[in-house]
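Chain and residue survey
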Amino acid sequence: GAGVSQSPSNKVTEKGKDVELRCDPISGHTALYWYRQSLGQGLEFLIYFQGNSAPDKSGLPSDRFSAERTGGSVSTLTIQRTQQEDSAVYLCASSLGGYGNTIYFGEGSWLTVV
Amino acid sequence: SQQGEEDPQALSIQEGENATMNCSYKTSINNLQWYRQNSGRGLVHLILIRSNEREKHSGRLRVTLDTSKKSSSLLITASRAADTASYFCATAPGTDKLIFGTGTRLQVFP
């Protein structure tokens, strides 16, 4: 597609349920990022995929969070047993990889845990 | 963890005035980028400055970089109401993984 596509754009879930957020990066982009942004706050790095390398998971806040990237393209961020503090916008971005490359963001998935 | 911190956290100015935002970072970098975010959604890339550059211009934007002080500034000249947004700096500390700062919320009043 022309840009980074994320789905769903909005998700309301009950505390304790699992959620999956999907990201479809720009075709040909080898690098894919997930960030989290709470209301009025900065971007918190979650995870980074680059080509066939092992993902950098150093930003995942707990073992309830996981992400995979299938076939070097689409990525899914999974949050298990959601908590209210997980409520945030989850932003996905992709780039050609390497230093100095611009990263392109999707419009985000707004997650509300009630 | 945050690599960069922007200052001020919020800035309000009148149209036509200049807006200056500062970013400080912690580790050595290859480049520093500035992004803009409208309405809490996706960010848009504005400008990139490499570690061997001291100043860069793009339209009404001017970015400076002082690697000795580990700081950068973004100047928006002759601001417009449409410049109202949050602005973030981002760095790649040692890898090409981008880490964002805390952001400056800019409000430009007509």
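One can find the structure itself at the top, above this paragraph.
The text that follows walks through the structure, step by step, so that each part is easy to find. (Residues numbered from 1 in each chain as written. Chains lettered and ligands numbered in written order. Predicted model: local features only at pLDDT ≥ 70, side-chain atom pairs only at ≥ 80, totals over all residues. Heavy atoms only, no water.)

**Observations concerning the overall build of chain B**
Test applied: A run of H or I in DSSP becomes a helix once it reaches four residues, and a run of E becomes a strand once it reaches two; helices and strands are each numbered from the N terminus. For a compact globule the rule gives 2.2 Å times the number of residues to the power 0.38, and the radius of gyration it is set against comes from C-alpha atoms. Working definition: with a 1.4 Å probe on protein chains only, accessible area under 20% of the residue-type maximum means buried, over 50% means exposed, and in between means partly exposed. We call two residues contacting when some pair of their heavy atoms lies within 4.5 Å.
Counting its secondary structure elements, chain B contains zero helices and 11 strands. In sequence order, chain B lays out its α and β elements as β-β-β-β-β-β-β-β-β-β-β. Computed over C-alpha atoms, the radius of gyration of chain B comes to 13 Å, within 12% of the 13 Å expected from 2.2 N^0.38 for 110 residues, which places it in the range of a compact globule. Projected onto the principal axes, the alpha-carbon positions of chain B cover approximately 40 × 25 × 20 Å. Within the span of chain B, comprising 110 residues, buried residues form 46% of the whole. Considering only intrachain contacts with a sequence separation of at least 6, the fraction spanning at least 24 residues in chain B is 55%.

**Regarding the overall build of chain A**
Rules: Each accessible area is a Shrake-Rupley estimate made with a 1.4 Å probe; only the visible protein chains count as cover when residues are assessed. Within this scheme the basic residues Lys and Arg register as positive and the acidic residues Asp and Glu register as negative, but His and the chain ends are omitted. Taken as the charge centre is NZ of Lys, CZ of Arg, CG of Asp or CD of Glu, depending on the residue.
Looking only at helices and strands, chain A has zero helices and 10 strands in total. Helices (α) and strands (β) of chain A occur, in sequence order from the N terminus, as β-β-β-β-β-β-β-β-β-β. Relative to a compact globule of 114 residues, whose C-alpha radius of gyration would be 13 Å, chain A shows 13 Å and is just as compact. If you line up chain A on its principal axes, its C-alpha atoms span 40 × 25 × 25 Å. Considering chain A as a whole, with its 114 residues, one finds that 49% of them fall into the buried category. Partitioning the contacts of chain A with sequence separation of at least 6, the portion at a separation of at least 24 is 55%. Within the structure as shown, chain A displays about 5300 Å² of accessible surface, and the carbon and sulfur contribution to it stands at 45%. Taking the 9 positively charged and 11 negatively charged side chains of chain A as two groups, their mean positions are separated by 3 Å.

**Considering the pattern of salt bridges**
Residues and elements named next belong to chain B. Let me state the cut-off plainly: By definition, a salt bridge exists where a carboxyl oxygen of Asp or Glu is found within 4 Å of a side-chain nitrogen of Lys or Arg.
One pass over the full model with this rule turns up six salt bridges over all chains. We note a salt bridge from Arg62 to Glu55, for which the minimum N-O separation is 3.1 Å. Among the residues examined, Glu55 registers a relative accessible area of 42% and is labelled partly exposed.

**What to know about the sheet that holds strand E1 (residues 5–7) of chain A**
All names here are of chain A. How we decide: DSSP bridges decide pairing: two strands pair if at least two such bridges lie between them. Axis lines are fitted to C-alpha atoms, over the contacting stretch for helices. Their N-to-C directions set the angle, which ranges from 0 to 180 degrees.
Across the sheet, which stays open at both edges, the four strands sit in the order E1-E3-E7-E6 with antiparallel pairing between neighbours. Each edge of the open sheet is held by one strand with a lone partner, namely E1 and strand E6 (65–69). If you compare each strand with its neighbour and ignore which way they point, the axes differ by 15° on average. In this sheet, strand E7 (residues 75–79) lies alongside strand E3 (residues 19–24) in antiparallel orientation, the contact comprising five bridges. Residue pairing across strands places Val19 opposite Ile79, the latter belonging to E7.

**A few points about the interface of chain A and chain B**
For clarity, the cut-off: We call two N or O atoms a polar contact when they sit within 3.5 Å, provided that within protein one can donate a hydrogen and the other can accept it, with sequence-adjacent residues counted only if both atoms are side-chain atoms. Throughout, the ten residues Ala, Val, Leu, Ile, Met, Phe, Trp, Tyr, Cys and Pro are labelled nonpolar, Asp, Glu, Lys and Arg are labelled charged, and all others, Gly among them, are labelled polar.
Counting residues at the interface gives 29 residues for chain A and 24 residues for chain B. Viewed at the interface, chain B and chain A are joined by zero salt bridges. Where chain A meets chain B, there are three residue pairs in polar contact (both at pLDDT 80 or more). Split by residue class, the side of chain A that touches chain B holds 11 nonpolar, 16 polar and two charged.

Purely spatial values, then, with no claim about function.
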